[in-house]
Each structure stands twice: as C-alpha cells, then as structure tokens.
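Given next are the chains, with one letter for each unit.
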Amino acid sequence: LVHVAAASRLHTKPEAWLAPRLTRDLAHSVLDFAPFRSQVAYACGGPDVTLWDTGGLRSTLRGLVDGDVQGIAFFPLGDRVLSWTDDALTVWDAGSAEQVCVVRRNAAISACGILPGGSRVVACDVNDGCALHDASSGEQLGPVFGSGVIGMAVFPSGDRLLTWGIAGRAAVWFAGG
C-alpha cells in the first residue's frame, strides 16, 4: 500500500536545516518528504504549509482554508502537495506555491490519499464516506462510497482503495482506471 499520508513521517535525527523549526511543536505537526527531491512539506498548528529544501525555507503555502492542517502528502512526482484540514483538502503547486484546487467537505476529514499517476485524490470522513476528486479541478468523480470511514490506503496499482471504519470492518473499493 503506497502514498497515503495518515500519520507524520519523521526521521529520528532531522537534518540541521530543518531542526529549529521542527522542535517548536512536534506533538502537533505533520510532514512529508518529496519523492526524488530534497524537499519537505511541513505544517505545525495552523492553516499554512511550509516547503523546505536543503537550502532552507523555500515558500509558505497560504490559502483560503481555515483550521489546522491535519495531513500532508506530496504527489508522486513531487510537483504538487496535498494538504487537508478538518473540512477541506487543498492541492498546491509545489513550484509556484499557488493553490490548484480546494475541495470542501461536510464533515471532518479522516483520511486522504493520492492515487498513482497523481490525477486523482480521495478524501474520506466518518459521516459521508469517501469520494474521488480530480486533482486539478477538485470535481467529484463518481458517487460517495463507504460510511464511518476512519482510515484508507491506496493499492499500488491505483485501481482499488482499502478503507476501515468505526464499525471495525474493512472494505476494498474499485477506484477505476
């Protein structure tokens, strides 16, 4: 199961250029490392996402979404970043630091993921279930599926999703092509 950011991925010994910022509030922070690049996306107790590279601070991603960032994931090529708060997910262009799209949800987001290829994202919540969205427009692709979902993972092939929920059950869903 690949590229689902449901928890922070933190090295035990952060690089020196990142250490001052990370030590501020490790208990409420999320981060992800870009594949094939020397970038880190980091959020700590607020709506902003900070992009770092080995040269130091690169940019801060600030948008129209309120609330603390709950999770971050780089897209497979490292060119975009997915972040989510309690009720919205945002796709960012990692190069320009501009918002690509924002998807609002009716309930608190419990898990998000990026499907291989990077053209689709999935967002899940306990009340409404999961929905696939176009990663460029935010448009919902197909019906909502599942209910009571608290976690999810994308199969490496990208054609299926595994969800698990508050009822203690897991399910596999077809995610299309």
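Residues numbered from 1 in each chain as written. Predicted model: local features only at pLDDT ≥ 70, side-chain atom pairs only at ≥ 80, totals over all residues. Heavy atoms only, no water.

> Describe empty space enclosed by the protein, naming the residues involved and giving the relevant values.
Tallying each qualifying case throughout the model produces one cavity of 30 Å³ or more. Roughly 60 Å³ of volume is contained in the largest cavity. Lining the largest cavity we find 13 residues, and of these P47, V65, S83, T90 and W92 sit closest to its centre. Elements represented by at least two residues in the lining of the largest cavity include exactly β6 (80-84) and β7 (88-93). By residue number, the principal contributor to the lining of the largest cavity is β7, which donates three residues. Residue composition of the lining of the largest cavity, grouped by class: eight nonpolar, five polar and no charged. (1 Å grid on protein atoms, 1.4 Å probe; cavity = no way out; pocket = protein on both sides within 12 Å on 5 of 7 lines; lining within 4 Å. Points joined across faces, edges and corners; volume = space filled by probe spheres on them. Helix = DSSP H or I, 4+ residues; strand = E, 2+ residues; numbered from the N terminus. Nonpolar A, V, L, I, M, F, W, Y, C, P; charged D, E, K, R; others polar.)

> Summarise the side chain of R120; cite the residues concerned and give the values.
Note on placement: R120 falls in strand β10 (residues 120-125). The buried charged residue R120 lacks any salt bridge partner; its closest oppositely charged side chain belongs to D134, at an N-O distance of 7.9 Å. Engagement of the side chain of R120 in a polar contact is seen with the backbone oxygen of A175, the distance being 2.4 Å. (Buried < 20%, exposed > 50% of the residue type's maximum accessible area, 1.4 Å probe, protein only. Lys, Arg positive; Asp, Glu negative; His and termini not counted. Salt bridge = Lys/Arg side-chain N within 4 Å of Asp/Glu carboxyl O. Polar contact = N/O pair within 3.5 Å; in protein donor to acceptor, adjacent residues only side chain to side chain.)

> Can you explain the packing of aromatic side chains? Please cite residues and give values.
Considering all chains together, one arrives at one aromatic pair under this definition. Ring centres 5.1 Å apart and planes at 45° place the aromatic pair F145 and W173 in the tilted group. Separated by 28 residues along the polypeptide, F145 in strand β12 (residues 140-145) and W173 in strand β15 (residues 170-174) bring together distant segments of the chain. The class for W173 is partly exposed, based on a relative accessible area of 28%. In this structure, R80 is placed above the aromatic ring of F75, and the distance from its NZ or CZ to the ring centre is 4.4 Å. The ring centre of F155 lies 4.3 Å from the NZ or CZ of R160, which sits over that ring. (Phe/Tyr/Trp six-rings, centres within 6.5 Å; stacked < 30°, edge-to-face > 60°. Lys NZ or Arg CZ within 6 Å of the ring centre and 35° of its normal.)

> Describe the pairing of strand β1 (residues 29-33), naming the residues involved and giving the relevant values.
Most of β1 is tucked away, with four of its five residues classed as buried. In this structure, β1 lies alongside strand β2 (residues 39-44), joined through five bridges in antiparallel fashion. Looking across to β2, one finds that L31 is bridged to Y42. (Pairing = 2+ DSSP bridges.)

Interpretation in functional terms is not warranted from these geometric data alone.
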